[in-house]
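Examining the three-dimensional arrangement
Each chain, written out:
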Amino acid sequence: MHLGALFIASHVLTSGSVRETARRFQLSPSTVSTAIHNLEIELAMTLTERASGELATLIASGRVLEGLEPILAAIGELGQWAGHDEIDEAWASRIPVKIVTMERFLEVADQGSINRAARRLRLGQPQLSLQLANLEKFLRHRLFERQVQGSVLTEEGRRAYQIFMTISQAWNDLKSSADERYRRTARSLRIGSIIPTGSESWVARCLGSLVSEWNMRRNNNAISLVSMTADDLREALKSGRIDVAILDSVFGLESFRHRELLQTEMVVIAPPDSTETSVAELVAGHPICMPSPRTGLGHAAMAFSYERSPNRRRRGQDITAADSLPVIVDLVANHGYVSFLGRVSAMPIADKVRIVDLDEHLPMSYHVAFNHRKAAADACTMIIEAAARITSEAVVKTAAVA
């Protein structure tokens, strides 16, 4: 980051507008957007978001503005030193001096030698000398006296030292919070799952069991859970936003490690007061709501329903795809729809819907896909063990009731 970008970003956070800041500083909106974007990257946090085409600042931006106050004050002092009676916003927004350059200046001042500082910074001495020369040219002040024994700060250099030290300390305070966020993110094990049918579903119970056992073992990695559609799970795993995904198909995830979680079979769930005795009658007599065809279950169910009633009028209008299993369950239980689920997902909601077997066995399976982290592999093993335990308990309970 350079000082001009920090000055620009602070005004965006204050005004809440990229365009107003651009007009004020006579800059292009893209330059202003880049400044705020780079600040977000440096601090590892989102400070703004777009809402209905307008920029909205988030709560975190207030804390960042407080952290930037010493830097803005130092920029003002730098402007006065450069001959500006009042802070010149156009000049301040274009300060090309990078924070890293200022920190290298401080290192040379502390070491009293360009050569020693270059070795500590692992830079070439000519490169460091050139950066200091450019800094002096911009400030229009000589900062060092080159002597036989090394480099000694001039009076102007001592003033620059105080200003740059203030900026460096304030920036490092802001960055230290970002570094801690990076460490927390690195320690966190992010697990994504298909959206459960409810709190008693096998997915919800598996994850609950995982969290409980994981924390009892005092693992260093804290678990973070999120539920989303199967399509979003694939993208989140590919982008690195999650480490483990529980989903009904590993299509498109060939580059990731994956294991079968459990096997089941597809069944129809029908309204509790329905009287049809065959799947064909249910499909023909009720509107259908099913998981999205982008999922393994949804794709199989869509093909199956078309096969059972190929000549039904307005077929497309009678099929609704939904990525929310709780919505599907509600449509079936309360609004006369039928749908398709894996038996293991249907059993916990047997008190709300009627479960009807297909006239032919249609196997399906759920999987866990995960990245290279050891913690992700460990979590997958625990999830598989929990799934086996929970589904076997459900089978025993069903047999006892029967």
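Residues numbered from 1 in each chain as written. Predicted model: local features only at pLDDT ≥ 70, side-chain atom pairs only at ≥ 80, totals over all residues. Heavy atoms only, no water.

With phi around 60°, Arg122 is a residue other than glycine that occupies positive phi space. With respect to the helices and strands, Arg122 occurs in the loop between α7 (114–121) and α8 (125–139). Relative accessible area serves as the criterion here: at 78%, Arg122 is assigned to the exposed category. The phi torsion at Arg140 lies on the positive side, around 60°, for a residue other than glycine. Mapped onto the secondary structure, Arg140 falls in the loop between α8 and β3 (144–147). (Helix = DSSP H or I, 4+ residues; strand = E, 2+ residues; numbered from the N terminus. Buried < 20%, exposed > 50% of the residue type's maximum accessible area, 1.4 Å probe, protein only.)

Let us now look at the side chain of Ser113. Along the chain, the position of Ser113 falls in the loop between α6 (99–111) and α7. At 3.2 Å, the side chain of Ser113 forms a polar contact with the backbone nitrogen of Arg116. Apart from residues no more than four positions distant in its own chain, Ser113 is found in contact with Val108 and Ser151. (Polar contact = N/O pair within 3.5 Å; in protein donor to acceptor, adjacent residues only side chain to side chain. Contact = heavy atoms within 4.5 Å.)

Leu3, Leu6, Leu39, Ile71, Phe105, Phe164 and Trp171 are the most contacted members of the largest nonpolar core, which totals 58 residues. Beyond its immediate chain neighbours, meaning those up to four positions away, Leu6 contacts Met1, Leu39, Leu68, Ile71, Ile99 and Trp171. (Core = buried A, V, L, I, M, F, W, Y, C linked by side-chain atoms within 4.5 Å.)

Moving on: the pattern of salt bridges. A full pass over the atoms with the stated rule returns 10 salt bridges. Between Glu42 and Lys175 there is a salt bridge; the shortest N-O distance is 3.1 Å. Remark: Lys175 occurs in helix α9 (residues 155–187) and Glu42 occurs in helix α3 (residues 29–43); sequence separation between them is 133 residues. Owing to a relative accessible area of 26%, Glu42 belongs among the partly exposed residues under this scheme. Across the pair Lys374 and Asp378 runs a salt bridge, and its minimum N-O distance is 2.9 Å. Taken as a pair, Lys374 and Asp378 lie in helix α16 (residues 374–401) at a separation of four residues, close to a single helical turn. We classify Lys374 as exposed; its relative accessible area is 62%. (Salt bridge = Lys/Arg side-chain N within 4 Å of Asp/Glu carboxyl O.)

Function cannot be inferred from these measures alone, as they are strictly geometric.
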